[in-house]
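Working through the structure, step by step
Each chain, written out:
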Amino acid sequence: MISTLYVTESPSVWAPENLAEETVLAHSVRPGGIILYLWQNERTVVIGRNQNAWKECRCAALEEDGGTLVRRLSGGGAVYHDLGNLNVSFLVSRQEEDIPRQTRVILNALTGLGVRASADGRNDLTADGRKFSGHAYWRQGGVSCHHATVMIDVDRAALEKYLNVSPLKLRSRGVDSVRARVTNLKGSYPHVTVPALKDALKKAFEEEYGLPARPLLPDEMPDRAVKTRFEELKKQFSSWEWTFGRKIPFDLEDQKRFPWGEAELVLKVEEGRIRDIKCYTDAMDPLWTGEMEGALRGVRFVPEDIRAALALLPGGEDHRMREDLKEMLIGMTEK
């Protein structure tokens, strides 16, 4: 039975740090305790554990704008976070997990702010028929994490820019996002702000469980071994291997016509690396395209590694063809 409520907020707006903190807190929760963890990320795309990063996000555009792409532990689809969004996590033992009750905390907080919100299935909250909150879950050992986004005043133009579906032919074995019309609460409820929602959540948390909530005290914080784990998790969540290199193979195709001829590129990517590539073309320099295929097998599917691998190849007959194919390949990583 829940006997102790804790509330904590993250001072960070960097997703790898916040996800690491969430994981550490979840593994530190004591029997009978539940933690309400409030956090925000700045200009971030968060993909589900089993999603294909290239299929869900325009990675190059996000990187150019100084944003962050991160893979979370839970399933579900890709979401965009900025400071107009509030993330809400309930961290509790698996034995004491109660998803409907935890969801009710969020709904009651919103009701207290005058929002006509309702649960739509298990994973979404809607207001006036439009989705503003998505929920996802992960469980490890004896602990449970239920986290949710709440869109208050998110930059919709940025959301649409970074989450656009790629125009390339991409067949992936990963989980696809379900594209839904989403809305900001601010549009219909201009008085709702992030600080106001934080206060309302704390109040609803206490009312739902009939107990006072308090911050985590120093002696209740994770011990040294868990803090070491925090640093390891932060490195994991910020690593290329975790974000891009998971075993989610996919095939990618693109076709273009140039002044020198037509080219079709077909790639097989596994664990973030080009495992096979074929260039079909009617160009007059087939030898160089064969060398290109050999040079790129095993290379990470990122622009800088592709450029480095092609820079090592000898020049061919047609410089324009080489440059066009190089840019075509790099463009496939950036769609």
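Scroll up a little and you will see the structure.
Residues numbered from 1 in each chain as written. Predicted model: local features only at pLDDT ≥ 70, side-chain atom pairs only at ≥ 80, totals over all residues. Heavy atoms only, no water.

**Comments concerning the pattern of salt bridges**
Oppositely charged side chains can pair when the atoms bearing their charge come close. By the definition in use, this model includes 20 salt bridges. One network of salt bridges, in which partners are shared, links Glu9, Lys198 and Lys202. (Salt bridge = Lys/Arg side-chain N within 4 Å of Asp/Glu carboxyl O.)

**Looking at helix H11 (residues 303-311)**
Taken residue by residue, H11 has Pro303, Ile306, Ala309 and Leu310 as its buried positions. The buried side chains of H11 occupy one side of the element, clustering within an arc of 135° when seen end-on. (Buried < 20%, exposed > 50% of the residue type's maximum accessible area, 1.4 Å probe, protein only. Helix = DSSP H or I, 4+ residues; strand = E, 2+ residues; numbered from the N terminus. Arc of directions from axis to C-beta.)

**Some details on the pairing of strand S1 (residues 4-9)**
Sheet analysis places S1 next to strand S2 (residues 33-39), joined by six bridges and oriented parallel. Directly across from Tyr6, in S2, lies its bridge partner Ile35. Summarising the sheet, S1 and strand S12 (residues 213-214) pair through two bridges and their orientation is parallel. Paired with Leu5 across the two strands is Ala213, which belongs to S12. (Pairing = 2+ DSSP bridges.)

**Quick word on the environment of Asp98**
Tracing the backbone through its elements, the reader meets Asp98 in the loop between strand S6 (85-93) and helix H4 (99-112). The spacing of Asp98 and Thr44 is 54 residues in sequence and 29 Å in space, taken between C-alpha atoms.

**Overview of the packing of aromatic side chains**
Counting across every chain of the model gives 11 aromatic pairs. Here Trp54 and Phe250 contribute two aromatic rings whose centre-to-centre distance is 5.4 Å and whose plane-to-plane angle is 40°, an arrangement assigned as tilted. Here Phe250 lies in strand S13 (residues 250-258) and Trp54 lies in helix H2 (residues 53-56), a separation of 196 residues in the sequence. Phe250 carries the same exposure label as Trp54, and that label is buried. Taken together, the ring pairs connect Trp54, Trp240, Phe244, Phe250 and Phe301 into an aromatic cluster. (Phe/Tyr/Trp six-rings, centres within 6.5 Å; stacked < 30°, edge-to-face > 60°.)

**Thoughts on the environment of Asp305**
Relative to the helices and strands, Asp305 resides in helix H11. Look past the residues within four positions of Asp305 in its chain and what remains in contact with it is Val299 and Arg300. (Contact = heavy atoms within 4.5 Å.)

**What to know about the layout of surface pockets**
In this model, the second largest pocket occupies a volume close to 470 Å³. Cys59, Glu63, Leu69, Trp240 and Phe244 are, among the 23 residues lining the second largest pocket, the residues nearest its centre. Of all the secondary structure elements, the ones that give two or more residues to the lining of the second largest pocket are helix H3 (59-64), strand S4 (68-71), helix H9 (240-243), H11 and helix H12 (319-334). Broken down by class, the residue content of the lining of the second largest pocket amounts to 13 nonpolar, six polar and four charged. (1 Å grid on protein atoms, 1.4 Å probe; cavity = no way out; pocket = protein on both sides within 12 Å on 5 of 7 lines; lining within 4 Å. Points joined across faces, edges and corners; volume = space filled by probe spheres on them. Nonpolar A, V, L, I, M, F, W, Y, C, P; charged D, E, K, R; others polar.)

**Focus on the sheet that holds S6**
Spatial ordering of the open sheet is given by S7-S8-S9-S10-S6-S2-S1-S12, a layout of eight strands whose pairing is mixed. A single partner strand is all that each edge strand has here, and the edge strands are strand S7 (117-120) and S12. Strands S1, S2, S6, strand S9 (130-140) and strand S10 (143-151) of the sheet are contacted by helix H1 (residues 15-28), whose axis makes an angle of about 175° with S2. (Axes fitted to C-alpha atoms, helices over the stretch in contact; angles between N-to-C directions.)

**Some details on H1**
Between its first and last C-alpha atoms H1 spans 20 Å; for 14 residues at 1.5 Å apiece the expected length is 20 Å, and the two agree. Within H1, 11 of the 14 residues are buried, leaving the element largely enclosed by the surrounding structure. By the burial criterion, the buried members of H1 are Ala15, Pro16, Asn18, Leu19, Ala20, Glu22, Thr23, Val24, Leu25, Ala26 and Ser28. (Expected span 1.5 Å × (residues − 1).)

**Description of the environment of Glu96**
In this structure, Glu96 sits in the loop between S6 and H4. Looking at Glu96, the relative accessible area reads 18%, which means it is buried. For the pair Glu96 and Val143, spaced 47 residues apart in sequence, the C-alpha separation works out to 9.1 Å. Discounting residues that sit within four places of it in the chain, Glu96 has contacts with Met1, Ile2, Pro31, Gly32 and Gly33.

**Considerations on the sheet that holds S4**
What holds strands together in a sheet is hydrogen bonding between their backbones, with the strands either parallel or antiparallel. As summarised here, the arrangement of the three strands in space is S4-S3-S5, forming an open sheet in which the pairing is mixed. Bordering the open sheet on either side are S4 and strand S5 (79-81), each of which pairs with just one other strand. Across this sheet, the average inter-strand angle for adjacent strands is 25°, counted without regard to direction. The sheet contact formed by strand S3 (residues 44-47) and S5 spans three bridges and is antiparallel. Counterpart to Val46 in the pairing with S5 is Val79.

Just distances and angles here, no functional claims.
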